[in-house]
Amino acid sequence: MSKLRISLLVGLALVFPILATPSRAQTQPPVDNTRPKPAAQTAQPPPTASQTPVYRPPLRGAPATRVGGANRGGSDGGLILSVLAPESTGLTHQARPTLYWYASQAVTAPVEFTLNDDHSIKPLVEMKIPASRPGIHALPLNHTLQPEVEYQWVIAAVIDPKQRASDIIASGTIKRVQPSPTLATQLSRANPRALPFLYAQEGFWYDAIGTLSEQIDADPADRHLREQRAALLEQVGLNTAATDDRGANPGRMTE
């Protein structure tokens, strides 16, 4: 065999293996740029012990609708009744929220709850409620609130059934609205301890007080939770209820 033919065969043997071997780039699977990337999972961190929620009214400068009641004589002399409501209409996103009210001392007179709206002649709800101990009381609402309707709720201590003008009355207003998509996302990802902060800063007063009160009921000895609720009460002028809440017996749960 000639030297030229041998050189050609050797050259082909060296070239073909290189051509037959795929490059490293060819062995990698193609990148699918059409596949959606997972969204970043950001969660609202839990508040520190020194933080307190800040309530931001949804409508600044709105007319005051809250009424407080007090009595300085009779068997319930010195009784102060307050609804845990902001001065103007507060918001909730719940169809049947729990309402909260405060009594500065034990109530010996019958107590009545009334719910009204602007479209009804008669009260939507009218019932007697138990109240014996002082402090903050919970009242689960058994009536469905319609969206974007303003309701007035009233707590009345009936001192003399024959003289209803002597009733000690406290009242506030509430409206049900849907949270924004941004807030709804934040709520779904938030630590439970952060919920009252989110609700308060977006103007959802009743949900802020409600979630905070539920946490207090679950852990009555946590003084930080009571401080947070007291701070919210002070921000809307409910100073007597706030002072009492700070000094409440840790073993006494919200009724």
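The structure this text deals with has already been given above.
Conventions we followed
- Residues numbered from 1 in each chain as written.
- Predicted model: local features only at pLDDT ≥ 70, side-chain atom pairs only at ≥ 80, totals over all residues.
- Heavy atoms only, no water.
- Buried < 20%, exposed > 50% of the residue type's maximum accessible area, 1.4 Å probe, protein only.
- Helix = DSSP H or I, 4+ residues; strand = E, 2+ residues; numbered from the N terminus.
- Pairing = 2+ DSSP bridges.
- Contact = heavy atoms within 4.5 Å.
- Axes fitted to C-alpha atoms, helices over the stretch in contact; angles between N-to-C directions.
- Core = buried A, V, L, I, M, F, W, Y, C linked by side-chain atoms within 4.5 Å.
- Parallel < 35°, antiparallel > 145°, perpendicular 65-115°, else oblique.
- Left-handed = near helix turned anticlockwise from the far one by under 90°.
- Nonpolar A, V, L, I, M, F, W, Y, C, P; charged D, E, K, R; others polar.

Colleague: What exactly am I supposed to notice about the pairing of strand E4 (residues 98-103) here?
Modeller: Side chains on a regular strand alternate between the two faces of the sheet. Of all 6 residues in E4, 5 are buried, a share of seventy percent or more. Sheet analysis places strand E2 (residues 80-83) next to E4, joined by 3 bridges and oriented antiparallel. Residue pairing across strands places leucine 81 opposite alanine 103, the latter belonging to E4.

Colleague: I tried to follow the environment of glycine 69 on my own but got confused; where do I start?
Modeller: Along the polypeptide, glycine 69 turns up in strand E1 (residues 69-70). In the structure, glycine 69 is positioned 98 residues away from aspartate 167 in sequence and 8.7 Å away in space, judged by C-alpha atoms. Other than its neighbours up to four places away in sequence, glycine 69 contacts Leu79, Ile80, Leu81, Ile168, Ile169 and Ala170.

Colleague: Even after reading the chapter, I still don't get the sheet that holds strand E6 (residues 125-129), so can you show me in this structure?
Modeller: Strand pairing in a sheet relies on backbone hydrogen bonds. The paired strands run either parallel or antiparallel. Spatially, 5 strands are ordered E3-E9-E8-E5-E6 in an open sheet, and the strand pairing comes out mixed. The sheet terminates laterally at strand E3 (90-92) and E6, the two strands that pair on one side only. Averaged over all pairs of adjacent strands, the angle between their axes in this sheet comes to 25 degrees, without regard to strand direction. As paired elements, E3 and strand E9 (residues 168-176) share 3 bridges and run parallel to each other. Residue pairing in the sheet places threonine 92 in a bridge with arginine 176 of E9. Its contacts with the sheet put helix H5 (residues 205-218) on E3, strand E8 (150-157) and E9, and the angle it makes with E3 is roughly 65 degrees.

Colleague: Would you take a moment to explain the pairing of E9 for this structure?
Modeller: Burial of E9 is extensive: 7 of the 9 residues sit out of reach of the surface. One ladder, built from 8 bridges, connects E8 with E9; its direction is antiparallel. Pairing of glutamine 152 across the sheet is with threonine 173, part of E9.

Colleague: What is the right way to look at the nonpolar core in this model?
Modeller: Nonpolar side chains in soluble globular proteins tend to be buried together. By size, the foremost hydrophobic cluster in this structure holds 55 residues, and its most contacted members are Leu81, Trp101, Phe113, Trp153, Ile155 and Leu233. In terms of residue count, H5 provides more of this core than any other element does, 6 residues in total.

Colleague: What's the story with the packing of H5 against helix H6 (residues 223-235) in this structure? I'm lost.
Modeller: Helix-helix packing is described using two parameters, namely the angle between the two axes and the distance between the axes. At a minimum axis distance of 9 Å, the contact between H5 and H6 shows a crossing angle of 155 degrees. With respect to their mutual orientation, H5 and H6 come out roughly antiparallel. Handedness of the crossing formed by H5 with H6: left-handed. Contacts from Trp205, Ala208, Ile209, Leu212, Ser213, Gln215 and Ile216 of H5 reach H6 at Leu225, Arg226, Gln228, Arg229, Leu232 and Leu233. Counted by class, the contact of H5 with H6 contains 8 nonpolar, 3 polar and 2 charged residues.

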